[in-house]
Amino acid sequence: MSSQDNSTPENGTNNNEPINPQDTVNNDSDFVPSGAPEHNKNNDSNPDDLHSRIAELEAEMVDIKARANADMYNFQKRVERETDNAKKYALEKFAGSLLDIVDNLERAIAAAGTDDHLVNQPVIEGVRLTHKSLLGALEKHGITVVDPAGQPFDAEHHQAVGIDPNTPAGQVANVLQKGYSLSGRLLRPAMVTVGQ
């Protein structure tokens, strides 16, 4: 660009001339920031309309606040319920693995029969005491036995694996394996034979 090039900007002003603020904005009320909506100078809004609109917005705000409080309350209750369930059923897998041990102890007791003159009677008594203390420990943690002997068959708590024609229909004839529940939730159904 040569020193003799005296071109002026597109707005027609010379870069060397000072800009007078009064040339573009006559007063502050004419100035509208970029991005802000222009308000009508002739605002014909009635004060009663404004008061009713304010009342509507306040009522809407009260409703939104009430809904937010209700949502927060429901969220807290749900978290408490889920935490309680997690605590209650944390032992589920562990307890399930202990049931096999209980079954084996019961088989050992059943194999000994009722003969009091067995040579290994102190061993069988030890097995009985171990079985009893294990059941006590399980019960202490909310694990209860489901033993439906002589009760009506319940498909939710019992698993039928055979039919006994000598037992009335719908009755449990024999319990092949006891069931267990943890705090009301079924851990393992009882395996039974059912009358026909």
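In this text, all values refer to a predicted model and were calculated from it rather than measured experimentally. (Residues numbered from 1 in each chain as written. Predicted model: local features only at pLDDT ≥ 70, side-chain atom pairs only at ≥ 80, totals over all residues. Heavy atoms only, no water.)

### Digging into unusual backbone geometry
Turning to step 1, where the next piece is worked out: Even without being a glycine, Ser-183 presents a positive backbone phi close to 50 degrees.
Turning to step 2, where the next piece is worked out: If you trace the backbone, Ser-183 turns up in the loop between strand E4 (179-182) and strand E5 (185-188). (Helix = DSSP H or I, 4+ residues; strand = E, 2+ residues; numbered from the N terminus.)

### Structural notes on the pattern of salt bridges
Where charged atoms from two side chains of opposite charge approach closely, those side chains can pair.
Turning to step 1, where the next piece is worked out: Scanning the entire structure with this criterion turns up seven salt bridges.
Turning to step 2, where the next piece is worked out: When the shortest N-O distance is used, the salt bridge between Arg-53 and Glu-56 registers 3.3 Å. With Arg-53 and Glu-56 both in helix H2 (residues 47-88) and three residues apart, the pair spans about one turn of that helix.
Turning to step 3, where the next piece is worked out: Note on Glu-56: relative accessible area 47%, which makes it partly exposed.
Turning to step 4, where the next piece is worked out: A salt bridge links Arg-188 to Asp-103; the nearest nitrogen and oxygen atoms lie 2.7 Å apart. Separated by 85 residues along the polypeptide, Arg-188 in strand E5 and Asp-103 in helix H3 (residues 92-112) bring together distant segments of the chain.
Turning to step 5, where the next piece is worked out: Residue Asp-103 is classed as buried on the basis of its relative accessible area, which comes to 6%. (Salt bridge = Lys/Arg side-chain N within 4 Å of Asp/Glu carboxyl O. Buried < 20%, exposed > 50% of the residue type's maximum accessible area, 1.4 Å probe, protein only.)

### A few points about the sheet that holds strand E1 (residues 143-146)
Turning to step 1, where the next piece is worked out: Strand order across the open sheet formed by three strands is E1-E4-E5, with antiparallel pairing between neighbours. Each of the sheet's edge strands pairs with one partner strand only, and the pair in question is E1 and E5. Along the sheet, successive strands turn relative to each other by an average axial angle of 35 degrees, direction set aside.
Turning to step 2, where the next piece is worked out: Pairing of E4 with E5 involves three bridges; the strand directions are antiparallel. Note on E5: the bridge partner recorded for Tyr-180 is Arg-188. (Pairing = 2+ DSSP bridges. Axes fitted to C-alpha atoms, helices over the stretch in contact; angles between N-to-C directions.)

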